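Coordinates in review
Chain residues, written in single-letter form:
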Amino acid sequence: MITPAVLTRVVGAALEEDAPWGDLTSTTLLPADATATADLVAREAGVLAGGDVFTAAFELTDPSVIVDLHVADGDAFAAGDVLASVTGSARSLLTAERVALNFTQRLSGIATLTAAYVAAVAGTGVRIADTRKTTPGLRAFERHAVTAGGGRNHRFSLSDAVMAKDNHLAVLSRGGRDLATALREAIATLPHTAHVVVEVDRLDQIPAVLAGGAHTVLLDNFSLEDLRAGVALIDGAATVEASGGVSLDTVRGIAETGVDVISVGALTHSARALDLGLDVRID
């Protein structure tokens, strides 16, 4: 969730970065009393995310600017659709334009890509989830965009769940620790609400993970055959998550192996910014 504090902090920092001493072009070229209305126009089809972020870019620049959103986050739109209108000081509109567009294009790109993955697994009951592979400082925004596209959020941070990955297991193994025992001992110290995920890259690791009481087993970079075998071996004892090698071409096949969740780092680290523009109306 994007809290008001996060919205103000992140968007405010972006505005300061873009105009640390003001907008030299707008303040020297445009009359102080000039007003304008501009429309946020889609150059291509997609799914909107970041309406509140778009609005904040203008309102933090100039509280008198009026932003009217015509499309809600999560709504699909077509090329040529007007997604929002902005009215106010021409100087303010042009000062905030790039920051508003950068955020909205980025977040709508994530929502659009997520929606494509969700559509690809329709009818399987599988959840498409993001990962922590987000842009530093923008995680709350990018995670919101994933949900706008119909996806689910994984743990938000390292503080939210136990997630033992390959490097954790390597350290345990080098120290001679038995995985099942280490998991049981760790779980005994955790609050009852804490979720425990263990990533494995081989089928023979699964029995120890189940014996240790993990709530989710993450099958990483498994073949489709091994995913099916892993699902059968776990047999409902834990949630089954798949990751690695996931693309729009492969995600349906992965979903049909019987896993419960597919986590896709590409949702946030490889989404293309959507082509949106801010067009000043010429009457």
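All of the points below concern the structure found in this document. (Residues numbered from 1 in each chain as written. Predicted model: local features only at pLDDT ≥ 70, side-chain atom pairs only at ≥ 80, totals over all residues. Heavy atoms only, no water.)

So, the overall build of the chain
The criterion, for reference: Numbering goes from the N terminus for both helices and strands, where a helix is a DSSP run of H or I of at least four residues and a strand is a run of E of at least two. The cut-offs for exposure are 20% and 50% of the maximum accessible area for each residue type, with area from a 1.4 Å probe on protein chains only; residues under the lower value are buried, those over the upper are exposed, and the others partly exposed. Per-residue accessibility takes into account occlusion by the displayed protein chains alone, with areas from the Shrake-Rupley method and a 1.4 Å probe.
On a plain count of helices and strands, the chain comes out with eleven helices and twelve strands. Along the three orthogonal principal directions, the C-alpha set of the chain runs to about 70 × 35 × 25 Å. Relative to its full complement of 283 residues, the chain shows a buried share of 46%. Of the roughly 13800 Å² of accessible surface on the chain, 54% is carried by carbon and sulfur atoms.

Some thoughts on the nonpolar core
A general tendency of soluble globular proteins is for nonpolar side chains to be buried together. Rules: Put simply, a nonpolar core is a bunch of buried Ala, Val, Leu, Ile, Met, Phe, Trp, Tyr and Cys residues held in one set by side-chain atoms that sit within 4.5 Å of each other. Note on contacts: a residue pair is in contact if any heavy atoms of the two residues lie within 4.5 Å.
One finds F141 and I262 to be the most contacted residues of the largest nonpolar core, which totals 77 residues. Per-element accounting of this core gives the leading share, eleven residues, to helix α4 (residues 90-120). Once residues within four sequence positions are removed from consideration, I262 is found in contact with V126, R127, I128, A129, A242, V246, V251, I254 and A255.

Some points on the packing of α4 against helix α5 (residues 139-148)
What counts, and what does not: Orientation is described by axes fitted as lines to C-alpha atoms, over the contacting stretch for helices, and by angles from 0 to 180 degrees between their N-to-C directions. Throughout, the term roughly parallel applies to angles under 35 degrees, roughly antiparallel to angles over 145, roughly perpendicular to angles from 65 to 115, and oblique to all others. With the far helix as reference, a near helix turned anticlockwise by less than a right angle produces a left-handed crossing, and one turned clockwise produces a right-handed crossing. The residue classification treats Ala, Val, Leu, Ile, Met, Phe, Trp, Tyr, Cys and Pro as nonpolar and Asp, Glu, Lys and Arg as charged. All others, Gly included, are polar.
Contact geometry of α4 with α5 gives a least axis separation of 7 Å together with a crossing angle of 40 degrees. Of the possible angle classes, the one that applies to α4 and α5 is oblique. Both α4 and α5 take part in a crossing whose hand is right-handed. In this structure, α4 contributes F103, R106, L107, I110, A111 and T114 to the contact, and α5 contributes F141, E142, A145, V146 and A148. In the contact of α4 with α5, the residues fall into eight nonpolar, one polar and two charged.

Focus: the sheet that holds strand β8 (residues 196-200)
Going by this rule: The rule for pairing is simple: two strands pair if DSSP sees at least two bridges between them.
Taken together, six strands build an open sheet; the order of strands is β6-β11-β10-β9-β8-β7 and the sheet is parallel. Taken across any chain shown, the strands that pair with only one partner, and hence form the sheet edges, are β6 (127-129) and β7 (162-164). Within this sheet the neighbouring strands show an average axis-to-axis angle of 25 degrees, counted without direction. Pairing between β7 and β8: three bridges, direction parallel. From the neighbouring strand, V162 faces β8, where its bridge partner is V196.

Examining the sheet that holds strand β12 (residues 276-280)
Read across the open sheet, the four strands follow the order β3-β5-β1-β12; overall the sheet is antiparallel. On the outer flanks of this sheet lie β3 (66-69) and β12, each paired with one strand and no other. Averaged over all pairs of adjacent strands, the angle between their axes in this sheet comes to 20 degrees, without regard to strand direction. Pairing of β3 with strand β5 (residues 82-89), which is carried by four bridges, proceeds in the antiparallel orientation. Bridge pairing links I66 to T87 in β5.

Thoughts on the pattern of salt bridges
The criterion, for reference: Salt-bridge detection follows one rule: a side-chain nitrogen of Lys or Arg within 4 Å of a carboxyl oxygen of Asp or Glu.
Tallying each qualifying case throughout the model produces nine salt bridges. A salt bridge links D130 to R143, with the shortest nitrogen-to-oxygen separation between them at 2.9 Å. Pair noted here: D130 is in the loop between β6 and α5 and R143 is in helix α5, with a separation of 13 residues, a long-range link. Just as D130 is buried, R143 falls in that class too.

Structural notes on the side chain of T114
Topologically, T114 is positioned in helix α4. Owing to a relative accessible area of 0%, T114 belongs among the buried residues under this scheme. Dropping the residues within four chain positions of it, T114 is found in contact with V146, G149, G150, G151 and L267.

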